[in-house]
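Below are the chains, spelled out letter by letter.
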Number of protein chains: 2
Amino acid sequence: MENPEPERPPIGLTIAGSDSGGGAGIQTDLATMAAHDVYGTSVLTAVTAQHTRGVESTHVLPLEEVQAQLEAVLSDFAVDAAKTGMLATTEIVRLVADRAPDFPFPLVVDPVMVATSGDRLLEPEAERAYEDLIGEATVVTPNADEAEVLTGEPVEDGASAREAGRRLCEMGADAALIKGGHVPGETVRDVLVTDGDVRVFEHPRVDTDATHGSGCTLAAAIASRLARGSDLPSAVAGGTDFLARAISHPYDVGNGPGAVNHGVSPPEVDH
Amino acid sequence: MENPEPERPPIGLTIAGSDSGGGAGIQTDLATMAAHDVYGTSVLTAVTAQHTRGVESTHVLPLEEVQAQLEAVLSDFAVDAAKTGMLATTEIVRLVADRAPDFPFPLVVDPVMVATSGDRLLEPEAERAYEDLIGEATVVTPNADEAEVLTGEPVEDGASAREAGRRLCEMGADAALIKGGHVPGETVRDVLVTDGDVRVFEHPRVDTDATHGSGCTLAAAIASRLARGSDLPSAVAGGTDFLARAISHPYDVGNGPGAVNHGVSPPEVDH
């Protein structure tokens, strides 16, 4: 047969942990990218032994192996957008923060503020590293708890979400999406704050405990849409719609709570 | 919103390495499972820093972390089929071979006979471990080179492929699929040998160097179809068709040879 015409898809990169159970981490990120017809590359920070009931064990990769993966991807692939998830240790946050100023593509930072030990990354060095990384973000996507850790601002309503977003922009992020999933109410309101603009994205709350992987899925969906050329508000609108659908069609796998369904067809992407 | 009706997909398991470039390893396996609407779980054996031009670095996971992932998955998920890929070290081959007799599901063994060092696993201990693993296989899927290492039989044509397959069945595999991709000719002939039966699956050879990930993709496609309830000949027929389509629509990503497109729609699955 003739040499086939190859496909040149947009290319995404995830920097995150591995979830053996497939519900979160790079597994969810890559599935979300694939659902958006984005080719996925990945830099693993840690390998977890995990299932629907929890994390049994975590192996953080040596810093030089994380760096080797990052350089292997960046030296060969024309990455169109990246996202970060669980960076596992302060030194890995620092590695990515130091490399990010050279990224010629949009960066979505999902500020997972929980160390693999289960402890929050609260020591001053970790916070400083995260602040530097957020300063390089096209958009940072904290939930209410993470936003409070990063800004000192408790997020309980729209006004405090806007204030937290404003402070994250002051740290240097181009934009902050303060997620409303952890704020009580029948309607989930995700608040996108940029320099001088605020937009609210609303979805009915789904009554389910099968939300494992929702943070990864949203950040990966936004990165996928940025990789395809969407502007940020469109990428966030499409990403939050994608997540709402993924939560509405969960996987019932394992004995614990299920996972969001990152394999659902995405709403149409602007391109 | 009401508690949504969850989806209960078939569940697949891959035991293999991570490819940061996304063209092979668990990344390809999970994408292939997703293309077959099979929920993927994964046990990582090693993390590679890799792109389309080669492998820059490899980090083999500690044996106990491989075991922890395997137990995390098996203790929580009702796995419907599994496949093995790069098992990286003799001790990991031994771990899986020792656990496999308890697997209540079909097992596809892709006998990747190259250690992460680049050396073949030729020492007697590694060969013995692989023979034990093959003895537990529903089907073992060597290419010509791997079949020769395992059986001592050079595979150069249909007759020698059948003989190699017969010897693998004598080792205890229920079936052996001797892949023809490395055997010259305009037509690729994959030979499936079971106890007392031989079937040949033919596809036109595609003139391309973008075959990275083809072995992973085929084994994962066969496992996906077994997970969906196909019998072995149907799973192999559908899996080889899936790979032929994936090779015909390669990804042009990175500066080296491209990868097979594991995101293509699969031919219809019997279920």
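Scroll up a little and you will see the structure.
Please read these numbers as outputs of a predicted model, since none were measured by experiment.

Enquirer: Talk me through the overall build of chain A; I want residue IDs and the actual numbers.
Expert: A tally of helices and strands in chain A yields eight helices and nine strands. For 271 residues, the compact-globule formula gives about 18 Å, and the C-alpha radius of gyration of chain A, at 17 Å, lands near that figure. Reported as C-alpha extents along the three principal axes, the dimensions of chain A are approximately 60 × 45 × 40 Å. Out of the 271 residues in chain A, the part that is buried amounts to 61%. Once local pairs closer than 6 in sequence are excluded, the contacts in chain A between residues at least 24 apart make up 66%. Accessible area for chain A stands at about 10,100 Å²; split by element, carbon and sulfur atoms hold 45% of it. Charged side chains in chain A number 17 positive and 44 negative. The centres of these two groups are separated by 4 Å.

Enquirer: Any chance you could break down the pairing of strand β8 (residues 187–194) of chain A for me, citing the residues and the numbers?
Expert: Residues and elements named next belong to chain A. Note that strand β7 (residues 175–178) and β8 share four bridges and pair antiparallel. Among the inter-strand pairings, I178 is bridged to a residue of β8, identified as V191. Where β8 meets strand β9 (residues 197–204), eight bridges bridge the pair, whose relative direction is antiparallel. In the sheet register, V193 faces β9, and the bridge partner there is V198. Linking two consecutive strands that pair antiparallel, namely β8 and β9, is a turn of two residues; a positive phi of about 95 degrees is found at G196 within it.

Enquirer: Report on the environment of P142(B), specifying residues and quantitative values.
Expert: All names here are of chain B. Residue position: P142 is located in the loop between β6 (139–140) and α5 (144–151). When the C-alpha positions of P142 and V112 are compared, they lie 7.7 Å apart, and in sequence the two are 30 residues distant. What P142 contacts, discounting residues up to four positions off in sequence, is P111, A147, L168, L177, I178 and K179.

Enquirer: Requested: an account of the relation of the copies chain A and chain B, with residues and values cited.
Expert: When chain A is fitted onto chain B, the two copies agree to an RMSD of 0.0 Å after a turn of 180 degrees and an axial shift of 0.0 Å. Here the two chains are linked by the operation of a two-fold rotation axis. Distance from the rotation axis, computed per C-alpha, reaches its smallest value in chain A at A31(A): 3.5 Å. Most of the interface of chain A is mirrored in chain B, where 100% of its interface residues are also at the interface.

Enquirer: Quick rundown of the packing of aromatic side chains? Include the residues and the values.
Expert: Across all of its chains, the model carries six aromatic pairs over all chains by this definition. Relative to F105(A), the ring of F103(A) lies with its centre 4.8 Å away and its plane at 20 degrees, an arrangement referred to as stacked. The residues F103(A) and F105(A) share a single accessibility class, namely buried. The interplanar angle of 75 degrees and the centroid separation of 4.9 Å between the aromatic rings of Y251(A) and Y39(B) together place this pair among those described as edge-to-face. In this pair, Y251(A) sits in the segment after α8 (232–248) while Y39(B) sits in strand β2 (residues 39–51), so the two residues belong to two different chains. We note that Y251(A), like Y39(B), is buried.

Enquirer: Mind laying out the pattern of salt bridges, listing which residues take part and the relevant values?
Expert: All names here are of chain A. In the structure shown here, the tally under the stated rule is 28 salt bridges over all chains. When the shortest N-O distance is used, the salt bridge between K83 and D29 registers 3.0 Å. Placement of the pair is K83 in strand β4 (residues 81–84) and D29 in helix α1 (residues 25–35), with a sequence separation of 54 residues. Here K83 falls in the buried class, since its relative accessible area comes to 0%. With a shortest N-O distance of 2.6 Å, R166 and E163 are connected by a salt bridge. Of the two residues, R166 and E163 are both situated in helix α6 (residues 158–170); the distance of three residues between them amounts to about one turn of the helix. Overall, the relative accessible area of 39% leaves R166 in the partly exposed class.

Enquirer: Help me get a handle on the packing of α5(B) against helix α6 (residues 158–170) of chain B, residues and values and all.
Expert: Residues and elements named next belong to chain B. At a minimum axis separation of 10 Å, α5 and α6 run at an interaxial angle of 50 degrees. It follows that α5 is oblique to α6 by the angle criterion. Every pair of crossing elements has a handedness; the one defined by α5 and α6 is left-handed. Along its contact with α5, which presents A147, L150 and T151, the element α6 presents A164, R167 and L168. When grouped by side-chain class, the residues that make up the contact of α5 with α6 number four nonpolar, one polar and one charged.

Enquirer: Hey, could you go over the environment of A49(B) for me, with residue numbers and the actual values?
Expert: Checked against the element boundaries, A49(B) lands in strand β2. When its relative accessible area of 0% is taken as the criterion, A49(B) is described as buried. When the C-alpha atoms of A49(B) and M113(B) are compared, they prove to be 19 Å apart, with 64 residues separating the residues in sequence. Excluding residues that lie within four positions of it along the chain, A49(B) makes contacts with A68(A), Q69(A), A72(A), S20(B), G54(B), V55(B), E56(B) and S57(B).

Enquirer: Tell me what's going on with the interface of chain A and chain B, and back it up with residues and numbers.
Expert: Every contact between the two is made by 61 residues of chain A and, on the other side, 61 residues of chain B. Of the roughly 4,500 Å² buried between chain A and chain B on both sides combined, carbon and sulfur atoms contribute 58%. Our enumeration of links across chain A and chain B arrives at four salt bridges. Where chain A touches chain B, the interface holds 19 residue pairs in polar contact (both at pLDDT 80 or more). For the side of chain A that touches chain B, the elements supplying multiple residues, two or more each, are β1 (11–19), α1, β2 (39–51), β3 (54–60), α2 (63–74) and α8 of chain A. With 10 residues, the top contributor of residues to the side of chain A that touches chain B is β2(A). For the side of chain A that touches chain B, the class distribution of residues is 24 nonpolar, 25 polar and 12 charged.

Enquirer: So what's going on with the nonpolar core? Residues and values would help.
Expert: Nonpolar side chains tend to gather and get buried jointly when the protein is soluble and globular. Counting 168 residues, the largest nonpolar core has L133(A), I222(A), L133(B) and I222(B) as its most contacted members. Setting aside anything within four residues of it in sequence, one finds L133(A) in contact with T84(A), L87(A), V93(A), V96(A), A97(A), A100(A), L107(A) and V109(A).

Enquirer: Could you give an account of a negative patch on the surface, naming the residues involved and the relevant values?
Expert: A contiguous patch of negative charge, built from D145(A), E148(A), E156(A) and D157(A), is present on the exposed surface. Within the fold, E148(A) resides in helix α5 (residues 144–151).

Parameters at a glance
Residues numbered from 1 in each chain as written. Chains lettered and ligands numbered in written order. Predicted model: local features only at pLDDT ≥ 70, side-chain atom pairs only at ≥ 80, totals over all residues. Heavy atoms only, no water. Helix = DSSP H or I, 4+ residues; strand = E, 2+ residues; numbered from the N terminus. Rg over C-alpha atoms; globule rule 2.2 N^0.38 Å. Buried < 20%, exposed > 50% of the residue type's maximum accessible area, 1.4 Å probe, protein only. Contact = heavy atoms within 4.5 Å. Areas by Shrake-Rupley, 256 points an atom, 1.4 Å probe, with all protein chains shown as cover. Lys, Arg positive; Asp, Glu negative; His and termini not counted. Charge placed at Lys NZ, Arg CZ, Asp CG, Glu CD. Pairing = 2+ DSSP bridges. Least-squares fit on C-alpha atoms with pLDDT ≥ 70 in both. Phe/Tyr/Trp six-rings, centres within 6.5 Å; stacked < 30°, edge-to-face > 60°. Salt bridge = Lys/Arg side-chain N within 4 Å of Asp/Glu carboxyl O. Axes fitted to C-alpha atoms, helices over the stretch in contact; angles between N-to-C directions. Parallel < 35°, antiparallel > 145°, perpendicular 65-115°, else oblique. Left-handed = near helix turned anticlockwise from the far one by under 90°. Nonpolar A, V, L, I, M, F, W, Y, C, P; charged D, E, K, R; others polar. Buried area = accessible area lost by both parts, 1.4 Å probe. Polar contact = N/O pair within 3.5 Å; in protein donor to acceptor, adjacent residues only side chain to side chain. Core = buried A, V, L, I, M, F, W, Y, C linked by side-chain atoms within 4.5 Å. Patch = residues over 30% accessible without salt bridge, like charges linked within 9 Å, V, L, I, M, F, W, Y side chains within 5 Å.

Honestly, that's just the spatial picture; any functional story needs more than this.
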